[in-house]
Amino acid sequence: MATGVTVADDVAGAFNDFKLQQGDYKIRYFIYKIEKNEIVIEKMGAREKTYDDFVADLPENDCRYGLIDVEFTTADERQTSKIVFLSWNPDSSKVFSKMVYAGSKEYLKSSFIGVSVIVNATDQSELDFETCILPAVRKFV
């Protein structure tokens, strides 16, 4: 919290319900933004949404955090899923925004107990599912 940014009260509770797919949080993903020095839920993607929908919901030139339940097939052909925390800091965003998001990331991550897959992306190529996300989640299976 060296940046002075806090996490909204509902973020941790929503994450716990999301992790268990309970209540209003039987969804595919969250996108978070910093608003008035507080990390808040900006968007939620319905369970039917895909990874591509998640990427499309990220702003092209501004930073965000994301949390997505990624479903995939393991090397031994089992269907499984992992929750991925994404820090989106595009090179094209403003320097101040990049600094605040980078400085607040660990504080937000501490609200997400049990998330082991962390991805930092600065351009669209680092959001590619096959070359970046899938190899990251497969390391933890």
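Residues numbered from 1 in each chain as written. Predicted model: local features only at pLDDT ≥ 70, side-chain atom pairs only at ≥ 80, totals over all residues. Heavy atoms only, no water.

### Structural notes on the pattern of salt bridges
- Counted according to the given criterion, the structure contains nine salt bridges.
- With a closest N to O distance of 3.1 Å, K109 and E106 form a salt bridge. You can see K109 and its partner E106 sitting in helix α3 (residues 95-109), three residues apart, about one turn around the helix.
- On the accessibility criterion, K109 (22% relative accessible area) is partly exposed.
- Under the relative-accessibility criterion, E106 is labelled partly exposed at 48%.
- Through salt bridges with shared partners, a single network forms among R28, R47, D69 and E71. (Salt bridge = Lys/Arg side-chain N within 4 Å of Asp/Glu carboxyl O. Helix = DSSP H or I, 4+ residues; strand = E, 2+ residues; numbered from the N terminus. Buried < 20%, exposed > 50% of the residue type's maximum accessible area, 1.4 Å probe, protein only.)

### Points about the environment of Q79
- Structurally, Q79 can be placed in strand β5 (residues 79-88).
- Side chain to side chain, Q79 and T73 meet in a polar contact 2.4 Å long. (Polar contact = N/O pair within 3.5 Å; in protein donor to acceptor, adjacent residues only side chain to side chain.)

### Describing unusual backbone geometry
- Notably, Q21 is not glycine yet its phi reads approximately 55°, a positive angle.
- Within the element layout of this structure, Q21 appears in the loop between α1 (9-20) and β2 (27-35).
- Of note, the phi angle at K36 is positive, near 55°, even though the residue is not glycine.
- Inspection of the secondary structure puts K36 in the loop between β2 and β3 (38-46).

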